[in-house]
Amino acid sequence: MALEQLCDVVQRCVTIKDEGFSPEDYDLFFTAGRTCLEQGNSAQVLSILVDEKNKNIVRCMGWNLLGPLVQILLKKEDKNLPHCHVCSPKELLVGLLEQVEEADTGSIAETVTLLLKPLQTVLLRLGMKKASSVGMALSTLLSQVARLPVPVTKEQEEDDVFGLCHCCTALLQFVKPFVEEVKEGVKDNNRISKDNELRVELLKFCMKSLSKPLLEVQLKDPDTLLKSPLRDFATEILIILSSIGESLPDLLSRNVLKRREVPGFLEEEVRYPKESLACLSHLLFVDHIAVDIFPAVLYEKSLIRVEDNSLPVDLLELKTFFSVPQNLVKVMTLCPDQTLRTKGLKVFQLSIDKFNTEAKYKFFKGMLKTSHHAGVEGYIIKNIKNQIDFSLKPCNGNDWFLGKHLLPLLRLVLCLPHGPETDLLQNLDRIMESLNLLRYMLIRDKEWENETGIWTELYKIEDNYLKPLRTGLNMSKAHYEAELKSAKENKKISSKGCCYTVDTVNSVCMPLLQVLQSAVFTFDLIESVLTRIEEIIETKERPLS
């Protein structure tokens, strides 16, 4: 019955010229065609659609059957369904995207993956004017894919119940010919025009992908999940960015922010969303995604070729040169990856070794004034001790780590930022290295030789450093011992198992009692070295009997 109705409306409409079909013709064609498809008569429908004499009817009304066709495809009721190449490309594109937009949450993944191939075919038929259509398609697809729940665990990514992983993999195949087209343009012209419309749409796709879903994804390490579709998706997004002429270093630098100041601000803001750039940075430097395509000059390799103690002090006047070790300090103190922090420390020491004596002196002085990090300051003080030790050996004397030049440096080392009120736990690394340096100098540099000048400065050091430190130590120790005693007596605190973060870098949590015990132990450690120094001074000051 439905097939007869479809044949009747087609026979009647075939004589109508141009687009003079009535609303009733549209309704009858749609209703009869949909019923035929639902009843499994897809082959007969196809024979009508591909008939040359019906091309005007198909051009005007054929795309109306796309919706029913997609629904049947999703139900997999007929393996011999007609392909969707019988309508005009733009009409078919609109119809396909309508089906994507109308997909409910439970069928998003299936709808998207099913329609990507016909969408790609349609877009490729649009020729050189397809850029805006490609952009519209990518935006629609990603908006729907972004609605899918993101897998959290390894098992969820492997099972891919909601289909996000499958969609991401399929999207990469979908954009591949368009990326290749932009790359071919590079081969022909030896450059990529920033105004190339297709390139711009692919850039928007990558930026939107970085925002959703990748911003919400916790990528699994290859040791945890050998084959990770989401990791592959992230890698390919970064490769596409590089392939279409986007410099990854430029994206991460302030050049992008400066570009937003020129006309077209809104467009730039859309192209380079902050959250997308943040995700890009995280993928590169935390997850190490596509890091092999990130252009970089390895500072360590450059330093290895430089002779030790050869770089002059004049280089420190160059802002860009001095900024390199400062950036290494950021890696050493802020990077969440232990391996990179260790590597940063190694390269930092290597850079110190390359300075000549005067440059080392001024570098240490500058770092003590600017680092504001007890661990870094402690490391610098340890280096100062090594330089003093070297200078005190025969034939190694110099004007920078002995005598009058050394004393201003020691004043920066042997001080408490806030006097007796200084947080001794927070400044432990600096305090311990300072005390070790002072004790070493008092033992190594004899009073009658006084090569370092420490004995001349000793009374100032006692007043400005040792006495305030002793006062602060006594107050802090008394306070924590009282807290520890109270905590031990209060069984409720220990039974609740209170946990306190004591190391924000490594996220180390300790119960309250353990925190207090550790603090008291630390104060004992400081007092042990401080007492030895006080004994040395007392022995030197004691008159001979």
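From a predicted model like this one, the values you see are computed outputs, not experimental measurements.

Let us now look at the overall build of the protein chain. For the protein chain, the helix and strand inventory stands at 26 helices and two strands. The 545 residues of the protein chain split such that 44% are buried. Only carbon and sulfur atoms are counted for the fraction: they give 53% of the accessible area of the protein chain, which is about 29500 Å².

This part takes up empty space enclosed by the protein. A probe as big as a water molecule, rolled over the atoms, marks out the empty space that is left. Overall, the coordinates contain two cavities of 30 Å³ or more when judged by the stated rule. Volume-wise, the second largest cavity comes out at about 30 Å³. No other element matches the three residues that helix α23 (residues 428-444) contributes to the lining of the second largest cavity. Along the lines of polarity and charge, the residues of the lining of the second largest cavity split into six nonpolar, three polar and one charged.

Here we take up the packing of helix α22 (residues 406-413) against helix α24 (residues 454-489). Contact geometry of α22 with α24 gives a least axis separation of 11 Å together with a crossing angle of 30 degrees. Put simply, α22 runs roughly parallel to α24. Considering the relative orientation of α22 and α24, their crossing is right-handed. For the pair α22 and α24, contact is made by Leu407, Leu410 and Arg411 and by Ile454, Glu457 and Lys460, respectively.

Turning our attention to the pattern of salt bridges. Throughout the structure, instances matching the rule amount to 18 salt bridges. With a closest N to O distance of 3.6 Å, Lys393 and Asp389 form a salt bridge. Owing to a relative accessible area of 40%, Lys393 belongs among the partly exposed residues under this scheme. Ionic pairing is found between Lys477 and Glu527, a salt bridge with its closest N-O pair at 2.7 Å. Residue Lys477 is located in helix α24, and its partner Glu527 is located in helix α26 (residues 512-541); the two are separated by 50 residues in the primary sequence. On the basis of relative accessibility, which here comes to 16%, the residue Lys477 falls in the buried class.

With that settled, consider unusual backbone geometry. What is expected of a backbone is that most residues other than glycine have negative phi and most peptide bonds are trans. With omega at 15 degrees, the peptide bond leading from Lys212 into Pro213 counts as cis. Take Pro213: it is sitting in the loop between α11 (197-211) and α12 (229-243). The backbone of Asn309 shows a phi angle near 60 degrees, a positive value even though the residue is not glycine. Relative to the assigned elements, Asn309 resides in the loop between α17 (299-304) and α18 (319-334).

Right, let's talk about the packing of helix α19 (residues 338-354) against helix α20 (residues 357-370) for a bit. At a closest axis distance of 9 Å, the pairing of α19 and α20 adopts a crossing angle of 135 degrees. If you check the angle between α19 and α20, you find them oblique. Where α19 approaches α20, its residues Phe348, Ile352 and Asp353 are matched on the opposing element by Lys360, Phe363, Phe364 and Met367. The class makeup of the residues in the contact of α19 with α20 is five nonpolar, no polar and two charged.

Core analysis: the largest hydrophobic core is formed by 65 residues, its most contacted members being Phe174, Leu202, Leu210, Leu238 and Leu283. Counting residues per element, the ones that place at least two in this core are α6 (89-102), α7 (108-124), α8 (131-145), α10 (164-189), α11, α12, α13 (248-252) and α16 (274-285). Each residue touching Leu283, except ones within four places of it in the same chain, is listed here: Leu210, Leu214, Leu219, Ala234, Leu238, His288 and Ile289. If you look at the next biggest cluster of nonpolar residues, it comprises 61 residues, including Tyr361, Leu466, Val529 and Ile537.

A few words now on the state of the cysteines. Applying the stated criterion across every chain, the model contains zero disulfides. The structure places no disulfide on Cys36, whose sulfur is separated from the nearest cysteine sulfur, that of Cys7, by 7.4 Å.

The next thing to look at is the packing of aromatic side chains. Counted according to the given criterion, the structure contains 12 aromatic pairs. With 6.1 Å between their ring centres and 70 degrees between their planes, Phe321 and Phe355 make a pair best called edge-to-face. Taken together, the residues Phe321 in helix α18 and Phe355 in the loop between α19 and α20 connect sequence positions 34 residues apart. For the pair Phe321 and Phe355, a shared accessibility class is recorded, and that class is buried. For the ring pair Tyr480 and Phe523, a centre distance of 5.4 Å and an interplane angle of 65 degrees mean the geometry is edge-to-face. With a gap of 43 residues between them, Tyr480 in helix α24 and Phe523 in helix α26 connect regions that are remote in the sequence. Note on Tyr480: relative accessible area 23%, which makes it partly exposed. With a relative accessible area of 1%, Phe523 lands in the buried category. The rings of Phe321, Phe322, Phe348, Phe355, Tyr361, Phe363, Phe364, Tyr379, Trp400 and Phe401 are connected pair by pair, giving a single aromatic cluster. Lying over the aromatic face of Tyr440, Lys385 brings its terminal NZ or CZ to 4.8 Å of the ring centre.

The rules behind these values
- Residues numbered from 1 in each chain as written.
- Predicted model: local features only at pLDDT ≥ 70, side-chain atom pairs only at ≥ 80, totals over all residues.
- Heavy atoms only, no water.
- Helix = DSSP H or I, 4+ residues; strand = E, 2+ residues; numbered from the N terminus.
- Buried < 20%, exposed > 50% of the residue type's maximum accessible area, 1.4 Å probe, protein only.
- Areas by Shrake-Rupley, 256 points an atom, 1.4 Å probe, with all protein chains shown as cover.
- 1 Å grid on protein atoms, 1.4 Å probe; cavity = no way out; pocket = protein on both sides within 12 Å on 5 of 7 lines; lining within 4 Å.
- Points joined across faces, edges and corners; volume = space filled by probe spheres on them.
- Nonpolar A, V, L, I, M, F, W, Y, C, P; charged D, E, K, R; others polar.
- Axes fitted to C-alpha atoms, helices over the stretch in contact; angles between N-to-C directions.
- Parallel < 35°, antiparallel > 145°, perpendicular 65-115°, else oblique.
- Left-handed = near helix turned anticlockwise from the far one by under 90°.
- Contact = heavy atoms within 4.5 Å.
- Salt bridge = Lys/Arg side-chain N within 4 Å of Asp/Glu carboxyl O.
- Core = buried A, V, L, I, M, F, W, Y, C linked by side-chain atoms within 4.5 Å.
- Disulfide = S-S within 2.5 Å.
- Phe/Tyr/Trp six-rings, centres within 6.5 Å; stacked < 30°, edge-to-face > 60°.
- Lys NZ or Arg CZ within 6 Å of the ring centre and 35° of its normal.

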